[in-house]
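Chain by chain, the residues run as shown.
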Amino acid sequence: MLLAQITDCHVTTADRKAYRIVDTGAALRRAVDALLALRPSPDAVIVTGDLAYDGRAEEYEVVARELGRLSVPVLAIPGNHDAREPFRAVLGRRFCPAEDPVFLQFSYELGGTVLIGLDTLLPGSDAGTLCPARLAWLERALAAARGRPVILALHHPPFATGIAHMDRIALTNAEDLERLVRGYGRVERVICGHVHRSVQTLWAGTLASIAPSTAHQVELALDPRAPSCFTLEPPGLHLHARLEGGGLVTHLLPLGEWPGPYRFAEYAA
Ligand SMILES: [Fe+2]
Ligand SMILES: [Fe+2]
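This write-up is about the structure you can find in this document. (Residues numbered from 1 in each chain as written. Chains lettered and ligands numbered in written order. Predicted model: local features only at pLDDT ≥ 70, side-chain atom pairs only at ≥ 80, totals over all residues. Heavy atoms only, no water.)

1. Details of unusual backbone geometry
A cis amide bond links Arg-39 to the next residue, Pro-40, at an omega of -5 degrees. A cis amide bond, omega 5 degrees, links Gly-260 with the succeeding residue Pro-261. Relative to the helices and strands, Pro-261 is located in the loop between strand S13 (248-254) and helix H7 (264-267). Despite not being glycine, Asp-8 has its phi angle at roughly 50 degrees, a positive value. Relative to the elements of secondary structure, Asp-8 occurs in the loop between strand S1 (2-6) and helix H1 (24-37). A positive phi angle, near 80 degrees, is found at His-194, a position not held by glycine. (Helix = DSSP H or I, 4+ residues; strand = E, 2+ residues; numbered from the N terminus.)

2. Concerning the layout of surface pockets
Roughly 280 Å³ of internal volume is contained in the largest pocket. In terms of lining, the largest pocket is formed by 17 residues, of which the most central are Tyr-19, His-81, Met-166, Val-218 and Ser-228. Considering only enclosed or pocket space, the second largest pocket measures out at about 220 Å³ in volume. If you trace the second largest pocket, you find it lined by Arg-30, Asp-33, Ala-34, Ala-37, Leu-38, Leu-253, Pro-254, Leu-255, Gly-256, Glu-257 and Trp-258. Residue contributions to the lining of the second largest pocket peak at four residues, all from H1. Among the residues forming the lining of the second largest pocket, the class breakdown is seven nonpolar, one polar and three charged. (1 Å grid on protein atoms, 1.4 Å probe; cavity = no way out; pocket = protein on both sides within 12 Å on 5 of 7 lines; lining within 4 Å. Points joined across faces, edges and corners; volume = space filled by probe spheres on them. Nonpolar A, V, L, I, M, F, W, Y, C, P; charged D, E, K, R; others polar.)

3. Some remarks on helix H2 (residues 57-67)
Here H2 has its buried residues at Glu-59, Tyr-60, Val-62, Val-63, Ala-64, Glu-66 and Leu-67. Residues of H2 that are buried make contact with S1, H1, strand S2 (44-48), strand S3 (74-77) and helix H3 (84-95). (Buried < 20%, exposed > 50% of the residue type's maximum accessible area, 1.4 Å probe, protein only. Contact = heavy atoms within 4.5 Å.)

4. Focus: the pattern of salt bridges
Close approach of charged atoms lets side chains of opposite charge pair. The final tally for this structure, using the stated rule, is 15 salt bridges. Residues Arg-16 and Asp-54 are paired through a salt bridge, measuring 3.0 Å at the closest nitrogen-oxygen approach. Remark: Asp-54 occurs in the loop between S2 and H2 and Arg-16 occurs in the loop between S1 and H1; sequence separation between them is 38 residues. For Arg-16, a relative accessible area of 32% translates into the label partly exposed. With relative accessibility at 42%, the residue Asp-54 sits in the partly exposed group. (Salt bridge = Lys/Arg side-chain N within 4 Å of Asp/Glu carboxyl O.)

Geometric values such as these leave the question of function open.
This is the structure in structure tokens:
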């Protein structure tokens with residue numbers, strides 16, 4: 001099982017750049033090119049939120065065109081830059097198999113692993129939350145997973161990263177999610193976006209991670225007084241791979257161009 005994770009595409013329409021600097025449409029195109037070049041191909045791609053820059057239908061049309069180049073299942077959940085109605089109207093069931101009439105949450109079987117996507121969007125806020133209705137849905141989804149390994153995807157991380165201005169807009173009620181994750185006991189990964197950097201930690205007895213953005217990154221600033229800045233350091237994606245022995249490993253693949261590969265045997269002195 002090979003699950004690719006891209007996140008925080010912040011796609012604008014062609015006439016516009018994100019924050020006047022970032023060509024986020026071109027950045028998503030490069031990410032999709034990299035996904036198409038992967039061998040073996042991923043079995044599925046999860047997009048963990050902030051697909052659009054402003055949550056406009058025209059932006060989701062651009063997203064749908066790019067993601068539509070992939071022939072594997074692509075599953076998306078919203079982030080704080082998204083808006084549910086245009087997200088659902090344009091991306092719809094092709095990219096988000098949500099049954100719920102309001103929340104964009106789904107459970108998807110992927111070669112013996114259950115991929116659960118959560119909707120942490122809180123309209124009007126950059127922070128995220130899981131209200132009682134969404135938590136109750138998750139409880140039912142975990143019960144239906146019946147002990148199989150689960151990968152839980154949500155936009156807002158339930159843990160602090162040390163980047164203070166991002167930690168202030170994380171998941172507001174991580175303790176409610178922690179209770180369910182610990183109660184189930186077989187959540188193998190909690191995979192997030194939102195922070196635009198690759199970050200890992202042990203949380204609720206499992207490995208929780210954040211994937212880098214396909215576009216701009218948030219500056220690595222661990223000084224709590226640091227201003228909120230973005231950089232154009234190399235973007236990337238995460239690959240979650242189930243190995244033959246059963247282990248689940250997470251790789252970071254930067255997106256860009258560099259020399260190589262070189263065969264060690266050929267270049268050994
Ligand atoms: Fe983002
Ligand atoms: Fe976000």
